[in-house]
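Understanding the architecture of this molecule
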Amino acid sequence: MTTRPYVLLSCATSLDGYLDDATDERLLLSNSDDLDRVDEVRAGCDAILVGATTVRRDDPRLLVRSARRRAERVAAGRPASPTRVTLTGCGDLDPTARFFTVGDTERIVYCASSAVEKTRDRLAGLAVVVDAGEPVDPARTLDDLAARGVRRLMVEGGVSVHAQFLTAGLADELHLVVAPFFVGDHRAPRFAGEGRFPWHAERRARLAEVRQIGDVVLLRYALSDRCPG
């Protein structure tokens with residue numbers, strides 16, 4: 001069997017665990033130095049995955065920003081930016097979103113079986129649409145990515161996607177950045193949400209690194225034996 005990709009989850013939260021606030025504007029939780037660190041992590045991955053809600057809400061490009069890092073990837077025979085991946089249960093994706101229109105990297109949409117035909121019609125020529133089961137199965141997604149040569153996958157959210165990979169025990173490493181303020185609004189999304197997680201009071205995750213980056217702190221957790229110390 002092909003070994004599943006190494007899965008690195010990345011997110012930033014407020015001190016009280018929120019990923020965003022409840023307004024229409026995106027809440028900036030990180031700082032410029034940490035954003036550059038994230039860009040470096042992206043440059044070291046084969047693919048970046050976000051959920052369809054993140055595509056709709058944040059309209060991300062998911063590209064390597066640094067020209068130097070893009071050039072280094074190309075010099076190594078790799079695309080300038082990693083493959084972009086999203087998961088959707090209903091196929092409700094805007095074909096004009098930057099995920100599909102900016103940059104020339106490969107785009108893959110893993111879709112629930114019931115919405116595959118509709119999604120292929122909507123995204124014709126913009127992305128490869130793959131049947132990922134009903135509901136979308138993250139393990140099946142990883143198997144398909146491995147078959148496509150993806151060895152290192154960065155998962156950037158949102159709430160339900162992080163929860164799916166964590167509760168299924170499919171995450172190897174977590175980069176959790178904590179911003180120095182509170183959100184304090186129950187309407188806002190919180191990291192990971194509810195679920196039965198493999199890590200709990202009797203089985204603690206291993207803290208591999210703590211790093212101050214300006215006014216935020218990076219907590220790097222090893223979630224599997226595959227994560228280097």
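Attention in this report is confined to the structure presented alongside it. Starting afresh in each chain, residues are numbered from 1 along the sequence in its written order. Reporting of local features is limited, given that this is a predicted model, to residues whose pLDDT is at least 70; pairs of side-chain atoms are given and counted only at 80 or more, and all residues count toward the totals for whole chains, interfaces and linings. Based on all heavy atoms of the structure, the side-chain values leave hydrogens and waters out of the count.

Observations concerning unusual backbone geometry
Rules: Runs of H or I in DSSP of at least four residues are treated as helices and runs of E of at least two as strands, each being numbered from the N terminus.
Of note, the amide linkage connecting Glu 134 to Pro 135 takes the cis form, showing an omega dihedral of 0 degrees. Mapping Pro 135 onto the fold places it in the loop between strand 5 (128-131) and helix 6 (138-147). Phi is positive for Asp 59, close to 50 degrees, though the residue is something other than glycine. Along the polypeptide, Asp 59 turns up in the loop between helix 2 (52-58) and helix 3 (67-75).

Considering the sheet that holds strand 3 (residues 83-88)
For clarity, the threshold we go by: Strands were regarded as paired on the criterion that DSSP finds at least two bridges between them. Axis lines are fitted to C-alpha atoms, over the contacting stretch for helices. Their N-to-C directions set the angle, which ranges from 0 to 180 degrees. Contact between two residues is taken to exist if any of their heavy atoms lie within 4.5 Å; hydrogens are not considered.
The 9 strands are arranged 5-4-3-2-6-1-7-9-8 in an open sheet whose pairing can be described as mixed. Each of the sheet's edge strands pairs with one partner strand only, and the pair in question is strand 5 and strand 8 (206-213). Neighbour to neighbour, the strand axes of the sheet diverge by 20 degrees on average, direction disregarded. Where strand 3 and strand 4 (residues 107-111) come together, 5 bridges link them in parallel fashion. What sits directly across from Thr 86, in strand 4, is Val 109. Here helix 6 sits on the sheet and contacts strand 1 (6-13), strand 2 (47-51), strand 3, strand 4, strand 5 and strand 6 (152-155); the angle it forms with strand 4, its principal contact strand, is near 150 degrees.

Comments concerning the pattern of salt bridges
Our working definition: We count a salt bridge whenever a side-chain nitrogen from Lys or Arg sits within 4 Å of a carboxyl oxygen from Asp or Glu. Burial here depends on accessible area, computed with a 1.4 Å probe over protein chains only, as a share of the maximum for the residue type. Under 20% is buried, over 50% is exposed, and the range in between is partly exposed.
All told, the structure shown has 17 salt bridges when counted by the stated rule. Arg 78 is the partner of Asp 46 in a salt bridge, and the nearest nitrogen-oxygen pair spans 3.0 Å. With Asp 46 in the loop between helix 1 (32-43) and strand 2 and Arg 78 in the loop between helix 3 and strand 3, the pair connects residues that are 32 residues apart, well separated along the chain. Accessibility expressed as a relative area gives 22% for Asp 46, which makes it partly exposed. As a salt-bridge pair, Arg 226 and Asp 172 come within 3.4 Å of each other at their nearest N and O atoms. Within this pair, whereas Arg 226 is found in the segment after strand 9 (216-222), its partner Asp 172 is found in the loop between helix 7 (159-167) and strand 7 (173-178), the two being separated by 54 residues in sequence. Asp 172 sits in the buried class, given a relative accessible area of 0%. Bridged by salt links that share partners, the residues Glu 173, Glu 209, Arg 211 and Arg 220 form one connected network.

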